[in-house]
Amino acid sequence: MREARAGNLPKGPELDAALTALDEEMTRLAGTLKVEHLGPGVGMADMKAEHVYRLVVRHHVWDTTTAGWGLKICDGLDNNDLRPMWPVQGVGRLRRQQLVAALPEFFRGYAAAVAAAGKADTPAGRRVKELAGLL
């Protein structure tokens with residue numbers, strides 16, 4: 001996280017593995033909790049377009065055969081209904097830096113949404129709170 005905030009995004013298989021593990025864990029947690037959350041923007045900051053893509057937890061429909069709860073990067077424009085665009089490990093280098101830097105804000109917001117839904121004391125809710133504390 002410190003490296004990403006300083007503009008030095010960690011590269012290589014370690015980051016790939018960490019984002020894949022995050023995607024898998026969020027799929028499990030979101031599927032258990034079933035609490036939607038519209039997180040921070042991860043659009044292109046250099047173009048002042050952070051709002052264009054957002055971190056979103058909800059039941060996502062990728063196509064007619066693939067759907068489920070999880071954390072995805074979605075099209076955040078009003079006319080696209082938060083359509084999923086990428087899994088967190090599927091974004092390019094520039095967006096990855098923004099994604100990693102946005103994770104603390106995302107987890108604070110998601111933990112608050114889980115608490116507001118009355119699910120903070122479940123095992124999945126406690127894990128979300130733990131993740132928020134780690135970042």
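Look a little higher up for the structure.
What counts and what doesn't
- Residues numbered from 1 in each chain as written.
- Predicted model: local features only at pLDDT ≥ 70, side-chain atom pairs only at ≥ 80, totals over all residues.
- Heavy atoms only, no water.
- Helix = DSSP H or I, 4+ residues; strand = E, 2+ residues; numbered from the N terminus.
- Contact = heavy atoms within 4.5 Å.
- Pairing = 2+ DSSP bridges.
- Salt bridge = Lys/Arg side-chain N within 4 Å of Asp/Glu carboxyl O.
- Buried < 20%, exposed > 50% of the residue type's maximum accessible area, 1.4 Å probe, protein only.

Account for the environment of Phe106, naming residues and giving values.
Tracing the sequence through the fold places Phe106 in helix α3 (residues 93-116). Along the chain, Phe106 and Ala132 lie 26 residues apart, while their C-alpha atoms are 8.3 Å from each other. Here Phe106 is in contact with Met26, His37, Gly39, Pro40, Leu55, Val57 and Leu71, once residues within four sequence places are set aside.

Give me the lowdown on the pairing of strand β2 (residues 53-61), citing residues and values where you can.
Direction of pairing for strand β1 (residues 37-41) relative to β2: antiparallel, over a ladder of 3 bridges. Note on β2: the bridge partner recorded for Gly41 is Arg54. Across 9 bridges, the pairing between β2 and strand β3 (residues 67-75) is antiparallel. Counted as the bridge partner of Arg54 is Cys74 from β3. Connecting the antiparallel pair β2 and β3 is a turn made up of 5 residues.

Can you tell me about the pattern of salt bridges, naming the residues and giving the values?
One pass over the structure, following the stated rule, counts 6 salt bridges. Of the charged contacts, one joins Arg96 and Asp16 as a salt bridge, the two residues approaching to 2.5 Å between their closest N and O atoms. Taken as a pair, Arg96 in helix α3 and Asp16 in helix α2 (residues 13-33) lie far apart in primary sequence, 80 residues in all. Judged by its relative accessible area of 11%, Arg96 is buried.

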